[in-house]
Amino acid sequence: MSTILVTGGAGFIGSNWVRLRRETHPDDRILNVDLLTYAGNLENLEGIDEGPGYRFLRIDVADRQALEEAVDEPVDAVVHFAAESHVDRSIEDASAFLRTNVIGTQTLLDFARARGVRRMVQVSTDEVYGSLGDEGKFTEMTSLAPNSPYSASKAAADMLVRAAHETHGMDVVITRCSNNYGPYQFPEKLIPLMISNALEGRALPVYGDGLNVRDWIWVEDHCRGIDLALDKGRAGEVYNFGGDAERTNLDVVRGILALLGKPDSLIEFVEDRKGHDRRYAIDFSKAARELGFAPTVSFEGGLERCVQWYRDHDSWWRRIKSGEYMNWYETMYGDRGDA
Ligand code: NAD
Ligand code: DAU
């Protein structure tokens, strides 16, 4: 049995990972450390009960004292998801991004070293590599060139993780994944925002010309990759994960509208995101070779499942959209997106 401290396990990817890990490794004990910011939601963990295999701790990862006091048992591994994750919010105000993503990561590294944790996985992003032109893909050798405060804070965190390996000999693995989609994604991100807006009969705000490209991966495929990195990755290495599914934003949005039987006229082109990265595409051949990683869900199949999930979990996203989040929405989109 291993005790794994996961951070950010009440968020989108973290909660999917907790659910998957409990299925695949029922003997593990999971300590879920999450501050429950606007993006954290215990409803994402419905059906996962406190007990010998699972414990939830509401803690800020940047608060070392709180971590020391609350975690009163040996920890074998740390899987670090907790972050401020939304690019648009980082453009408005980067302060929480620096505290959680940078200071929080160093705090966790210090905690893990002091406790003799065997391995820490840093869940990072392809956005640290910056933006691609029409050709090529990001490899683990691509130089870091982050363009948003969010991606700069994640790149800083990755460098601190690397430094912990080089300086202190810590066993760390960094994973860098492309855009995830699937159940429990906060409806500020492209796919759940567009599905829920379409279901509400609102306009679908597409930035710029809508031709920016993202490489989409079904969230469980990413979670499987993280498990492989945790269990089989080489210490000090970086592994890219992707879905082999490059799509323009316009293709994604039109696909959603078609699945919902809604008209393309709901699309509204709005002002572009500042510093908007044009294209992401991931070369995950290293993870395929060394870890046996392969995405299993096609984008078309995944999008259909995803649309169905948001249809079936209407009350989950409607509750979020009726709360504090709507203040942000008004600030972000003004009276646009209100067809
Ligand atoms: P999310 O915003 O849905 O969830 C983040 C979680 O972290 C929330 O539960 C939140 O409460 C928690 N959190 C935030 N600040 C905290 C703090 N100071 N202390 C403790 N908990 C805190 O994010 P996500 O989309 O699930 O992303 C998870 C991780 O994966 C992030 O590190 C992100 O950079 C990375 N990532 C995301 C994607 C993607 O497409 N969403 C792709 C690649 C990598
Ligand atoms: O690539 C991995 C990254 O993917 C993660 O590190 C981030 O945490 C995650 O949020 C995501 O970042 P993006 O900026 O790519 O995701 P987002 O869903 O915000 O936007 C996807 C694309 O859709 C992007 O080109 C911007 C565009 N977009 C987004 C929103 C919210 C729109 O056109 N309209 C919108 O309203």
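Whatever comes next refers back to the structure up there.
Residues numbered from 1 in each chain as written. Chains lettered and ligands numbered in written order. Predicted model: local features only at pLDDT ≥ 70, side-chain atom pairs only at ≥ 80, totals over all residues. Heavy atoms only, no water.

## Thoughts on the site of ligand 2
Working step 1: Close contacts around ligand 2 come from 25 residues, with Asp-126, Tyr-150, Arg-273, His-276 and Tyr-333 the closest.
Working step 2: Asn-179 is positioned with one of its side-chain polar atoms (N or O) 2.8 Å from an oxygen atom of ligand 2.
Working step 3: Mapped onto the shell around ligand 2, the elements with two or more residues apiece are α6 (190-200) and β8 (204-207).
Working step 4: Considering only residue class, the shell around ligand 2 consists of 11 nonpolar, eight polar and six charged. (Near = heavy atom within 4 Å. Polar contact = N/O pair within 3.5 Å; in protein donor to acceptor, adjacent residues only side chain to side chain. Helix = DSSP H or I, 4+ residues; strand = E, 2+ residues; numbered from the N terminus. Nonpolar A, V, L, I, M, F, W, Y, C, P; charged D, E, K, R; others polar.)

## Brief notes about the packing of aromatic side chains
Working step 1: Evaluation of the coordinates by the stated rule reveals 16 aromatic pairs.
Working step 2: For the ring pair Tyr-181 and Trp-218, a centre distance of 5.4 Å and an interplane angle of 75 degrees mean the geometry is edge-to-face. Taken together, the residues Tyr-181 in strand β7 (residues 180-181) and Trp-218 in strand β10 (residues 217-218) connect sequence positions 37 residues apart.
Working step 3: Judged by relative accessible area, Tyr-181 falls into the buried class, the value being 1%.
Working step 4: Among the residues examined, Trp-218 registers a relative accessible area of 4% and is labelled buried.
Working step 5: An aromatic cluster is present here, built from Tyr-181, Trp-216, Trp-218 and Phe-299 joined pairwise through their rings.
Working step 6: The ring centre of Tyr-38 lies 3.6 Å from the NZ or CZ of Arg-89, which sits over that ring.
Working step 7: The lysine or arginine in question, Lys-286, covers the ring of Tyr-239, its NZ or CZ lying 4.9 Å from the ring centre. (Phe/Tyr/Trp six-rings, centres within 6.5 Å; stacked < 30°, edge-to-face > 60°. Buried < 20%, exposed > 50% of the residue type's maximum accessible area, 1.4 Å probe, protein only. Lys NZ or Arg CZ within 6 Å of the ring centre and 35° of its normal.)

## A look at the packing of α6 against helix α11 (residues 314-321)
Working step 1: Two numbers describe how α6 lies on α11: the axes approach to 11 Å, and their chain directions differ by 90 degrees. Taken together, the axis directions place α6 and α11 in an arrangement best described as roughly perpendicular. For the pair α6 and α11, contact is made by Leu-193, Ser-196, Asn-197, Leu-199 and Glu-200 and by Trp-317, Arg-318 and Lys-321, respectively.
Working step 2: Across the contact of α6 with α11, the residue classes break down as three nonpolar, two polar and three charged. (Axes fitted to C-alpha atoms, helices over the stretch in contact; angles between N-to-C directions. Parallel < 35°, antiparallel > 145°, perpendicular 65-115°, else oblique. Contact = heavy atoms within 4.5 Å.)

## Observations regarding the packing of helix α8 (residues 249-260) against helix α10 (residues 299-312)
Working step 1: Two elements in contact, α8 and α10, have axes separated by 10 Å at closest approach and are oriented at 55 degrees. In terms of their interaxial angle, α8 and α10 are classed as oblique. The chirality of how α8 crosses α10 is right-handed. Contacts between α8 and α10 involve Val-252, Gly-255, Ile-256, Leu-259 and Leu-260 from the first element and Phe-299, Leu-303, Glu-304, Val-307 and Arg-311 from the second.
Working step 2: Along the lines of polarity and charge, the residues of the contact of α8 with α10 split into seven nonpolar, one polar and two charged. (Left-handed = near helix turned anticlockwise from the far one by under 90°.)

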